[in-house]
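These are the residues of each chain, in order.
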Amino acid sequence: VKQLTLLSRGGQDARFTMEKDFTIFPRRKAGEAKRGADNAPVIVTPALLEQCFDMPLIVAATKLGICATALKKVCRKLGVTKWPYKRG
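In what follows, the accompanying structure is described. By convention here, each chain's residues receive numbers from 1 onward along its written sequence. Reporting of local features is limited, given that this is a predicted model, to residues whose pLDDT is at least 70; pairs of side-chain atoms are given and counted only at 80 or more, and all residues count toward the totals for whole chains, interfaces and linings. Heavy atoms from the whole structure form the basis of all side-chain values; hydrogens and water molecules are not counted.

1. Some points on the overall build of the protein chain
Helix and strand definitions here come from DSSP, where helices need a minimum of 4 consecutive H or I residues and strands a minimum of 2 consecutive E residues; each element is numbered from the N-terminal end. For the protein chain, the count of helices and strands is three helices and four strands. For the protein chain, the sequential pattern of α-helices and β-strands runs β-β-β-β-α-α-α. Contact criterion: two residues are considered in contact whenever any of their non-hydrogen atoms come within 4.5 Å of each other. Across the protein chain, contacts joining residues at least 24 apart in sequence account for 43% of those joining residues at least 6 apart. We get accessible surface area from the Shrake-Rupley algorithm with a probe of 1.4 Å; when it comes to residues, only the shown protein chains can shield them. For the protein chain, the accessible area works out to roughly 6,400 Å², and carbon and sulfur atoms hold 51% of it.

The structure is reproduced here in structure tokens:
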């Protein structure tokens, strides 16, 4: 079990535990007959998610090949209530 501590905007520590990998199955787009190789499941690991914390949520979701809503749901399951990226 890995525990991360991030400094939130209010100055408080935001602690959350990352203990699982999450598999996300992208939905089939209209007009596609079957799942192809490009629609393979996306496995979001704690290490992969941690690498994306320095970019906006939309950019991170695009990099992972999933939508922002799916990424938000994974973050909520991991205890990340607010995406830690800050403009700077």
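2. Considering the environment of Arg-87
Relative to the elements of secondary structure, Arg-87 occurs in the segment after helix 3 (68-78). Under the relative-accessibility criterion, Arg-87 is labelled exposed at 81%. Distance in space between the C-alpha atoms of Arg-87 and Asp-54 is 9.2 Å, their sequence separation being 33 residues. When accessible area is computed with a 1.4 Å probe and restricted to protein chains, residues below 20% of their type maximum are described as buried, those above 50% as exposed, and intermediate ones as partly exposed.

3. A word on the packing of aromatic side chains
Centres within 6.5 Å are what make two rings of Phe, Tyr or Trp a pair, Trp counting through its six-membered ring; a difference in plane orientation under 30 degrees is then read as stacked, over 60 as edge-to-face, and the rest as tilted. Enumeration according to the criterion identifies one aromatic pair in this entry. Judged by centre distance (5.3 Å) and plane angle (80 degrees), the ring pair of Phe-53 and Trp-83 falls under edge-to-face. Of this pair, Phe-53 sits in the loop between helix 1 (46-51) and helix 2 (57-64) while Trp-83 sits in the segment after helix 3, placing them 30 residues apart in sequence.

4. Description of the nonpolar core
Within the largest apolar cluster, 21 residues are counted, with the highest numbers of intra-cluster contacts made by Leu-49, Ile-66, Leu-71 and Trp-83. Elements with a contribution of two residues or more to this core: strand 3 (22-24), strand 4 (42-44), helix 2 and helix 3. In terms of residues, this core owes the most to one element, helix 3, which gives six residues. When sequence neighbours within four positions are dropped, the list of residues in contact with Leu-71 reads Leu-49, Leu-57, Ala-60, Ala-61, Leu-64, Ile-66 and Trp-83. For this analysis, a nonpolar core means a set of buried residues of the types Ala, Val, Leu, Ile, Met, Phe, Trp, Tyr and Cys, connected via side-chain atoms within 4.5 Å.

5. Remarks on helix 3
Of the positions making up helix 3, those classed as buried are Ala-68, Ala-70, Leu-71, Val-74, Cys-75 and Leu-78. One face of helix 3 carries all of its buried residues, which in axial projection span an arc of 160 degrees. Counted as exposed and oriented over 90 degrees from the buried face of helix 3: Arg-76 and Lys-77. Phi turns positive, to about 95 degrees, at Gly-79, one or two residues after helix 3. Note that the arc is computed from the directions linking the helix axis to the C-beta atoms.

6. As for the packing of helix 2 against helix 3
Relative to each other, helix 2 and helix 3 sit at 100 degrees, their axes nearing to 9 Å. By the criterion of interaxial angle, the relationship of helix 2 to helix 3 is roughly perpendicular. Only Ala-68, Leu-71 and Lys-72 of helix 3 make contact with helix 2, whose side of the interface consists of Leu-57, Ile-58, Ala-60, Ala-61 and Leu-64. In the contact of helix 2 with helix 3, the residues fall into seven nonpolar, no polar and one charged. Here an angle of 0 to 180 degrees is reported between the N-to-C directions of two axes, which are lines fitted to C-alpha atoms, with helices fitted over the stretch in contact. Convention used here: angles under 35 degrees read as roughly parallel, angles over 145 as roughly antiparallel, angles from 65 to 115 as roughly perpendicular, and any remaining angle as oblique. Each residue is assigned to one of three groups, with Ala, Val, Leu, Ile, Met, Phe, Trp, Tyr, Cys and Pro labelled nonpolar, Asp, Glu, Lys and Arg labelled charged, and all others, Gly among them, labelled polar.

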